[in-house]
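# Tertiary structure, described
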Amino acid sequence: MGIMGSVATSTYVKRSSFLGIIARVFKENAQCRPKIDKELPFWSIPKRLALMFNNADVFIALPGSFDTLEEIFCITSWSSFFKYKKLIGLLNVT
């Protein structure tokens, strides 16, 4: 389980609400095991970004791959383009 799965599981254990935006391929291959209150599956990265942008008030980027950087840049540019006040944070846990 990766960082996102650990966060999801910890959130569930603390009885907090959690929205999972999960790739259908991971869901279908049973690679997602954490308990999630609500799931929104996606097929493409643009769809994932749109779901994230429309359902979140705050974004916190955890260490990840180049996809994480792409998401940070997209959400940042969308926030300025659409003039939304979305908070964006970076968390370095090295």
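All of these numbers come straight from a predicted model, not from anything done at the bench.

### Describing the overall build of the chain
- Within the chain, the secondary structure is distributed over four helices and four strands.
- Start at the N end of the chain and walk to the C end: the helices and strands fall as α-β-α-β-α-β-α-β.
- Relative to its full complement of 94 residues, the chain shows a buried share of 28%.
- Taking the contacts inside the chain whose residues are at least 6 apart along the sequence as the reference set, 42% of them involve residues at least 24 apart.
- Here the chain displays about 7,100 Å² of accessible surface, and carbon together with sulfur accounts for 60% of that area.

### Structural notes on the pattern of salt bridges
- The tally for this structure, following the rule as stated, stands at one salt bridge.
- In this structure, the salt-bridge partner of E71 is R48, at a minimum N-O distance of 2.9 Å. Note that E71 is positioned in helix α4 (residues 66–81) and R48 in helix α3 (residues 45–55), a separation of 23 residues in sequence.

### Topic: a nonpolar patch on the surface
- On the surface, a cluster of nonpolar side chains totalling about 630 Å² of accessible area is made up of I3, V7, V58, I60, L87, L91 and V93.
- Among the secondary structure elements, those contributing two or more residues to the nonpolar patch are α1 (3–13) and β3 (58–61).
- Mapped onto the elements of the fold, I60 is located in strand β3.

### A closer look at the confidence of the model for the chain
- Taken as a whole, the chain shows an average pLDDT of 78; of its residues, 84% reach a score of 70 or greater.
- Put simply, helix α2 (residues 24–28) is where the chain has its lowest mean pLDDT, 69, and α3 is where it has its highest, 86.

Definitions and cut-offs
Residues numbered from 1 in each chain as written. Predicted model: local features only at pLDDT ≥ 70, side-chain atom pairs only at ≥ 80, totals over all residues. Heavy atoms only, no water. Helix = DSSP H or I, 4+ residues; strand = E, 2+ residues; numbered from the N terminus. Buried < 20%, exposed > 50% of the residue type's maximum accessible area, 1.4 Å probe, protein only. Contact = heavy atoms within 4.5 Å. Areas by Shrake-Rupley, 256 points an atom, 1.4 Å probe, with all protein chains shown as cover. Salt bridge = Lys/Arg side-chain N within 4 Å of Asp/Glu carboxyl O. Patch = residues over 30% accessible without salt bridge, like charges linked within 9 Å, V, L, I, M, F, W, Y side chains within 5 Å. pLDDT = per-residue confidence, 0-100.

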